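Given next are the chains, with one letter for each unit.
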Amino acid sequence: MCGIVGYVGPRDALGVVLDGLRRLEYRGYDSAGVAVLSDGALHCSKKAGKLANLEKQLAEEPVPAGTVGIGHTRWATHGGPTDRNAHPHASADGSVAVIHNGIIENFAVLRAECEATGIEFRSETDTEVAAHLLAAAYDQAPAGPGRLAEAMRAVCRRLQGAFTLVASHAAEPDTLVAARRSSPLVVGVGDGEYFLGSDVAAFIAHTREARELGQDQVVEIDRQRGLTVTDFSGAAVEPKAYTVDWDAAAAEKGGYPWFMLKEIAEQPQAIADTLLGRLGAQGELVLDEVRLSDQELRDIDKVFVVACGTAYHAGLIAKYAIEHWTRIPVEVELASEFRYRDPVLDRSTLVVVVSQSGETMDTLMALRHAKDQKARVLAICNANGSTIPRESDAVLYTHAGPEVAVASTKGFLTQLVACYLVGLFLAQVRGIKYEDEVASVVADLRRLPDAVTTVLEQMEPVRELARSLAEADRMLFLGRHVSFPVALEGALKLKELAYIHAEGFAAGELKHGPIAVIDEGTPVVVVVPPRARDLLHGKVVSNIQEVRARGARTVVIAEEGDEDVVPYADHVIRVPRTPTLLAPVVTTVPLQVLACEIADTRGLDVDQPRNLAKSVTVE
Ligand code: M6R
């Protein structure tokens with residue numbers, strides 16, 4: 001939700017900022033804007049719509065060159081996606097330009113206060129109050145080094161809600177300041193230059209050296225004084241340094257027409273990387289960061305998996321595996337619902353939060369609620385240094401590399417793998433599984449990259465099928481057991497990419513109502529469990545017959561050699577034989593390809609579907 005870029009250094013700031021915005025556009029694309037500080041004045045340009053609109057405007061009406069700049073790409077919350085609501089927002093006297101990600105919850109009170117002093121607002125955003133307050137606070141702050149940071153701290157102490165703010169002041173030619181509370185912000189450190197970004201993609205083309213910013217911290221980047229971090233009261237803080245382990249090429253399309261296609265193709269490698277180094281010398285499983293003792297893990301008597309969207313679907317699948325391997329009861333919750341229903345949590349509860357971005361606000365708030373209730377929190381996350389892993393007691397990183405397409409693909413498959421590892425880890429620590437049993441499942445996991453490669457090599461018929469389904473106005477997805485969440489994920493992918501109404505159902509549930517919507521030609525995708533699961537398999541084959549009898553056009557995903565499905569399938573998509581609990585890793589892939597191809601055939605923007613943003617940093 002909203003991409004933020006800032007630059008201080010010797011180069012042309014506009015070029016650096018626009019380049020960063022291009023890499024962050026997946027975070028929001030309702031509008032874009034920049035401000036460059038040049039000759040003691042701030043020069044702003046902003047435009048509704050995608051970044052391309054702003055670039056066109058800048059080509060027609062260039063801003064002067066400068067070495068301090070900020071840029072923003074927006075996912076609208078307060079105020080529609082118009083030119084005037086686009087960021088940056090300036091103070092009434094034009095001395096301050098501010099960009100913001102998040103929601104300032106007490107903006108109405110602050111706006112009334114500003115209006116009482118005669119300020120006329122030029123936008124409907126919550127952000128604009130920050131610009132006016134900052135200009136006033138700057139005037140009151142003691143002159144000299146650190147003045148803008150002091151003003152930022154004073155403003156932040158008055159703000160409620162979640163925010164990342166970056167500000168430039170016309171009288172500070174070498175300085176940018178930024179603040180964060182519950183919204184993402186990282187600092188990039190180059191050679192005599194500094195970058196700010198919502199994530200490292202903003203500056204990865206220039207440096208891989210990054211600094212994490214903690215909750216309620218203010219950072220000043222200054223060409224002379226360097227980097228200074230404090231908390232909101234002004235106490236100095238040492239930011240945590242880290243090196244980004246991927247480079248700019250990883251965040252490029254690499255010849256693919258869409259990032260999503262590239263990310264689908266990267267899945268075998270992403271799974272292999274997520275498994276890499278997980279088995280220690282004694283065959284024990286290794287997590288990235290564990291701030292929990294073995295005794296605390298042994299005391300766990302209940303697990304919650306909490307996540308949103310696709311990550312939630314990974315959690316639904318995790319339940320089957322974790323319960324099966326550990327015999328600990330597992331509940332799976334939508335993060336946005338979790339804390340509002342007052343779940344029963346205590347010291348012996350493990351809450352597993354799953355988030356690709358590590359910044360999803362609903363998940364972060366669920367995490368904080370769990371910690372308030374003294375539960376232990378383990379994060380499964382793809383973004384190193386993001387808020388969710390930082391606030392958790394233990395972390396297992398998925399090593400999927402940057403996921404740029406809004407629709408999650410490799411993020412999902414690696415989350416599944418990570419969930420399996422967590423299940424095995426718990427089983428091992430609690431003595432429920434011997435090391436050789438764990439190693440045997442890990443060996444099955446290690447076969448998954450090849451299995452996914454095999455699926456990917458057989459996708460041409462799926463693409464052809466997708467083109468024939470592009471005119472469908474609805475589609476159903478069915479599955480039982482672990483294939484039920486796969487069906488939910490298939491439906492979500494189709495909705496978000498192709499804007500086709502789609503629903504996933506537990507196959508056995510259909511006859512309790514939803515089967516009524518099926519009529520002649522309704523496409524129904526059925527994910528069939530492995531043939532070895534006799535009872536389960538037989539039931540699903542019956543379910544295919546039931547929908548076929550009502551006129552459905554059946555698309556069946558079944559393992560190699562499963563001939564039972566053939567008489568009832570209008571289309572069969574084959575996947576390699578895989579143990580039941582791990583099968584979602586292979587059966588999901590055709591559904592990703594199907595949705596991507598249908599969207600492409602419909603002429604839609606696969607990477608940036610309407611109304612969405614990659615990282616949802618508001619509740
Ligand atoms: O970054 P997260 O994994 O926390 O994101 C959760 C969801 O917002 C995300 O999975 C979303 O549902 C995707 N657009 C699905 O493709």
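Residues numbered from 1 in each chain as written. Predicted model: local features only at pLDDT ≥ 70, side-chain atom pairs only at ≥ 80, totals over all residues. Heavy atoms only, no water.

J.: Describe the site of the ligand, listing the residues and the values that go with them.
T.: Within the structure, the ligand sits among 14 residues, and Ser355, Gln356, Ser357, Thr360 and Glu496 are positioned closest to it. Here an oxygen atom of the ligand and a side-chain polar atom of Ser355 are 2.6 Å apart. Considered on its own, the ligand offers 410 Å² of accessible surface; in the complex 90% of this is hidden by protein. For the shell around the ligand, the elements supplying multiple residues, two or more each, are helix 9 (309-326) and helix 17 (483-498). Tallied by class, residues from the shell around the ligand come to 4 nonpolar, 8 polar and 2 charged. (Near = heavy atom within 4 Å. Polar contact = N/O pair within 3.5 Å; in protein donor to acceptor, adjacent residues only side chain to side chain. Areas by Shrake-Rupley, 256 points an atom, 1.4 Å probe, with all protein chains shown as cover. Helix = DSSP H or I, 4+ residues; strand = E, 2+ residues; numbered from the N terminus. Nonpolar A, V, L, I, M, F, W, Y, C, P; charged D, E, K, R; others polar.)

J.: Residues and numbers for the domain arrangement of the protein, please.
T.: Under the domain assignment, the protein is made up of domain 1 (3-250), domain 2 (253-446) and domain 3 (456-601). Distance between the C-alpha centres of domain 1 and domain 2: 32 Å. Listed by partner, the interface residues are 15 residues for domain 1 and 14 residues for domain 2. It is Tyr26, Ser182 and Glu212 that lose the most area in domain 1 upon contact with domain 2, and together they represent 36% of the buried surface on that side. For Arg390, the salt bridge identified is with Glu212, shortest N-O distance 3.4 Å. Counting across the domain 1 and domain 2 interface gives 5 residue pairs in polar contact (both at pLDDT 80 or more). (Domains from an automatic or database assignment. Contact = heavy atoms within 4.5 Å. Buried area = accessible area lost by both parts, 1.4 Å probe. Salt bridge = Lys/Arg side-chain N within 4 Å of Asp/Glu carboxyl O.)

J.: Provide a residue-level description of the environment of Ala472, including the pertinent values.
T.: Here Ala472 is to be found in the loop between helix 16 (460-469) and strand 21 (474-479). Owing to a relative accessible area of 17%, Ala472 belongs among the buried residues under this scheme. With 29 residues separating them in the primary sequence, Ala472 and His501 have C-alpha atoms 9.1 Å apart. Among all residues touching Ala472, those that are not within four sequence positions of it are Ile500, Pro523 and Arg602. (Buried < 20%, exposed > 50% of the residue type's maximum accessible area, 1.4 Å probe, protein only.)

J.: Go over the sheet that holds strand 21 with me, naming the residues and quoting the values.
T.: Strand order in the open sheet formed by 5 strands is 22-21-23-24-25, and the pairing between neighbours is parallel. In this open sheet, the two strands that pair with only one neighbour each are strand 22 (501-506) and strand 25 (571-575). Direction aside, the axes of adjacent strands within the sheet are offset by 20° on average. Direction of pairing for strand 23 (residues 523-527) relative to strand 24 (residues 553-559): parallel, over a ladder of 5 bridges. Residue pairing for strand 24: Val527 is matched across the bridge by Ile557. (Pairing = 2+ DSSP bridges. Axes fitted to C-alpha atoms, helices over the stretch in contact; angles between N-to-C directions.)

J.: Give me the lowdown on the sheet that holds strand 7 (residues 161-169), citing residues and values where you can.
T.: Pairing is antiparallel in the open sheet, where 6 strands are placed in the order 5-6-7-8-12-13. A strand with exactly one partner marks an edge of an open sheet, and here the two such strands are strand 5 (89-90) and strand 13 (226-231). Relative to strand 12 (residues 217-222), strand 8 (residues 175-181) runs antiparallel, the two sharing 6 bridges. Bridging across to strand 12, Arg180 finds its partner in Gln217. Those strands touched by helix 4 (residues 128-140) are strand 5, strand 6 (96-104) and strand 7, and its axis lies near 130° from that of strand 6.

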